[in-house]
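Breakdown of the fold
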Amino acid sequence: MTYRVWTARMLRLGLVWVLAVAAGCVSSNVSTDRALGCLRAGDDPQALVWAEKLKSSIYSKPLGYVEAGRVRMLSGDFLGSSTNFATAIDAMIDKSEGAPVVKLGNVGANVLAGTLTDDRTRPYQMPVYEFIQALHYQTLNHLFLGDPSAAAVEARRAVFAQDQIAEKYGKEVEDARVQAENSQTNTLGKVEAQMAVMAPVLEMSRSSFENGLAWYLCGTVLEQDGDEANAALAFRKAWELTPGNPYVQRDFLRLIRKQDPEAFKTLVTQAGVDPATLVRPPCEIILIVEENFVSQRKSMKIPLPILGTITSVDFPLYQDGLYSPMALEVREGEVSRGLSAQALSVQALAYRDLKEKIPGIVVRNVTRVTTRVVAQQAANASGNNYVKYGVLAFNAVSTVINKADTRAWYTLPMVSHLFRSGVEPGEHLLELRSQSTGFVMRLPVKVAEGETRLVWVADIGGNSRVATASLNGKGGPTTYQVNGSLLHGFPAVTLPGGPRTLYGAVAATANTDTKGEVTP
């Protein structure tokens, strides 16, 4: 056997092994997992290093700004968070025309971008669900910074953006699907068959931009600002998206009573709600509880027939099933104030976003792989073994090295809960009790006469971040603390001296069972 023959045989055997290993394998996001682990361990500065590094990437800079904004928000640095979100939001809004225009990016093929490598070399542009969530968090930041007027301005911008996206985005999604079906019918079907595990999650959303909680917060802030007409419209939209949420329903009915009395009579009868109960109390709390971190996309190789050749092609997929949120009871002493209700599934919006994007991804990936197959066929026809096996080696290495673009905003929560209740002015010690785990979290809240107090809880596992702020400026300043977690399966923070946050506060463990055990 000559050296040339032996070399060719070894190349063929090695490449067959590479392709076999590559087919079906799934890659994870190691650096992201490490950063989320740092947040759960209470080591916020290390998580921030990861986010800031993304900002220096020529491909992922916008993602870095929202991740840094979220990390700083979780860590109590609301000013730093606001600065980062402002940069990300401004980049999505074109102010050069007569009226601001939201830049939606390209949900279609956009084949030329990244054709020779993979989608990870395409500049990151926030999906619409991330953009709306950034607006939502920016509104909260203004409240935490003690500026309800700025929160009202942000709420109006969020309303404008969501209305504009609703007008444009659906058509772009449909056009991208038609393009893919016309050119890649069989391939699109094979890829979507691998997305079957996502079906139960997809059923919870109609489109990726419809965020019921964002609409609800807009309505709450606008009502507080005296704009009841637009607040009623925002509450209506929130109710359409979360019809099973009793708190959203009550606020929608309460405001439509003034705006459209005839519609109110019909709707209140259908809902079975006593009109006498639809009165806003003079003092109240609004509780938003965020739970866990959102599911991550994985890069999965799917064997596809392309020009008579079976080729493993990378696609981003979700593999987590439908998330089951906590059943959360709000108590004070021996009195139960009621249960929270789910107001948002970020998991559903993220899955829907991928579903909307997958036709364009299929067209780009198949075009990219077809280019390689054609090159291989030309090399085979050349009669030159060095060229033939050189191209084969290049294509095989590309198959292993190239991955799907799994970039997304991963410090977002999986789901968010909502609770709203009237309270007496004064100091309160609220208890949040998970009915699934039995774990209890205690939250001290002080409500002034005539105040509506917002309580925000981000339970990320291992610990939770808690901030309170006044919606109308009648109460005390913003408070922030780190508490224990209600989630099962995450160890409590064990760092010497407690969690390291950007706020500079030590965890308020005196008010919380940080080990996650049931408090007597």
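Reading the values: the criteria
- Residues numbered from 1 in each chain as written.
- Predicted model: local features only at pLDDT ≥ 70, side-chain atom pairs only at ≥ 80, totals over all residues.
- Heavy atoms only, no water.
- Core = buried A, V, L, I, M, F, W, Y, C linked by side-chain atoms within 4.5 Å.
- Buried < 20%, exposed > 50% of the residue type's maximum accessible area, 1.4 Å probe, protein only.
- Helix = DSSP H or I, 4+ residues; strand = E, 2+ residues; numbered from the N terminus.
- Pairing = 2+ DSSP bridges.
- Axes fitted to C-alpha atoms, helices over the stretch in contact; angles between N-to-C directions.
- pLDDT = per-residue confidence, 0-100.
- Contact = heavy atoms within 4.5 Å.
- Salt bridge = Lys/Arg side-chain N within 4 Å of Asp/Glu carboxyl O.
- Polar contact = N/O pair within 3.5 Å; in protein donor to acceptor, adjacent residues only side chain to side chain.
- Parallel < 35°, antiparallel > 145°, perpendicular 65-115°, else oblique.
- Left-handed = near helix turned anticlockwise from the far one by under 90°.
- Expected span 1.5 Å × (residues − 1).

On to the nonpolar core. Counting 138 residues, the largest nonpolar core has Phe-131, Leu-140, Phe-144, Leu-432, Leu-443, Trp-456 and Val-457 as its most contacted members. Sorting elements by how many residues they give to this core places helix 14 (residues 346-381) first, with 11 residues.

A word on the sheet that holds strand 11 (residues 426-434). Across the sheet, 4 strands lie side by side as 8-7-11-12; this open sheet has antiparallel pairing. In the strand order of this sheet, the two ends are held by strand 8 (335-339) and strand 12 (440-447), each with one partner. Direction aside, the axes of adjacent strands within the sheet are offset by 30 degrees on average. By the bridge criterion, 4 bridges tie strand 7 (residues 328-332) to strand 8 in an arrangement that is antiparallel.

Our next topic: the confidence of the model for the protein chain. Put simply, the protein chain has an average pLDDT of 83, and 79% of its residues get 70 or more. The model gives residues 108-115 a pLDDT under 50, and that stretch makes 21 contacts with residues more than four places away or in other chains.

Moving on, we get to the pattern of salt bridges. Two side chains of opposite charge can pair, provided their charged atoms sit close to one another. Taken as a whole and assessed by the stated rule, the structure comprises 30 salt bridges. With a closest N to O distance of 3.3 Å, Arg-500 and Asp-43 form a salt bridge. Taken together, the residues Arg-500 in the segment after strand 15 (479-483) and Asp-43 in the loop between helix 2 (30-40) and helix 3 (44-55) connect sequence positions 457 residues apart. On the accessibility criterion, Asp-43 (14% relative accessible area) is buried.

Bringing the environment of Tyr-124 into the picture now. Relative to the elements of secondary structure, Tyr-124 occurs in the loop between strand 3 (101-102) and helix 6 (128-144). You can call Tyr-124 buried: its relative accessible area is 8%. Here the alpha-carbon distance between Tyr-124 and Ser-60, two residues 64 residues apart in the chain, equals 5.2 Å. In contact with Tyr-124, other than residues within four places in its own chain, are Tyr-59, Ser-60, Pro-62, Leu-63, Glu-130, Arg-407, Ala-408 and Trp-409. A polar side-chain atom of Tyr-124 sits 2.7 Å from a polar atom in the side chain of Glu-130.

Once that is clear, we can look at the sheet that holds strand 15. Ordered in space as 9-10-4-13-14-15, the 6 strands form an open sheet in which the pairing is mixed. Strands at the two margins of the open sheet, each flanked by one partner only, are strand 9 (341-345) and strand 15. Going across the sheet, the axis of each strand differs from the next one's by a mean of 20 degrees, ignoring polarity. Where strand 13 (residues 452-459) and strand 14 (residues 464-470) come together, 7 bridges link them in antiparallel fashion. Looking at the pairing, Val-455 lines up with Thr-468 of strand 14. Lying on the sheet, helix 10 (residues 212-224) is in contact with strand 4 (284-291), strand 9, strand 10 (415-422) and strand 13; it crosses strand 10 at an angle near 30 degrees.

Further remarks concern the environment of Leu-241. Mapped onto the fold, Leu-241 is located in helix 11 (residues 228-241). When the C-alpha positions of Leu-241 and Met-204 are compared, they lie 9.8 Å apart, and in sequence the two are 37 residues distant. Those residues in contact with Leu-241 that lie beyond four places of it in its chain are Arg-206, Glu-210, Asn-211, Gly-212 and Trp-215.

Relative to the helices and strands, Arg-407 is located in the loop between helix 15 (385-401) and strand 10. In this structure Arg-407 comes out as buried when scored by relative accessible area, which is 15%. Within the structure, Arg-407 has its side chain in polar contact with the backbone oxygen of Tyr-59 (distance 3.0 Å). In terms of polar contacts, Arg-407 uses its side chain to reach the side chain of Asp-405, at 2.8 Å.

Turning our eyes to something else, we now look at the environment of Phe-85. Structurally, Phe-85 is set in helix 5 (residues 78-92). Taking the relative accessible area as the measure of exposure, Phe-85 reaches 0% and is therefore buried. Through-space distance from the C-alpha of Phe-85 to that of Glu-67 is 9.0 Å; in sequence the pair is 18 residues apart. Contact partners of Phe-85, with chain neighbours within four places excluded, come to Val-66, Gly-69, Arg-70, Met-73, Ala-134, Tyr-137, Gln-138, Asn-141 and Trp-409.

With that settled, consider the packing of helix 2 against helix 3. Where helix 2 contacts helix 3, the axes come no closer than 7 Å and their chain directions differ by 150 degrees. By the angle between their axes, helix 2 is roughly antiparallel relative to helix 3. Relative to helix 3, the crossing made by helix 2 is left-handed. Of the residues in helix 3, those touching helix 2 at Ser-31, Thr-32, Ala-35, Cys-38 and Leu-39 are Asp-44, Gln-46, Ala-47 and Trp-50.

You will see that Asn-292, though not glycine, has its phi angle at about 65 degrees, which is positive. Note that Asn-292 resides in the loop between strand 4 and strand 5 (298-306).

Turning to helix 6, a few remarks are in order. If you check helix 6, its first and last C-alpha atoms are 24 Å apart, about what 17 residues at 1.5 Å a residue would give, namely 24 Å. Within helix 6, 17 of the 17 residues are buried, leaving the element largely enclosed by the surrounding structure. Phi turns positive one or two residues past the end of helix 6, at Gly-146, with a value near 75 degrees.

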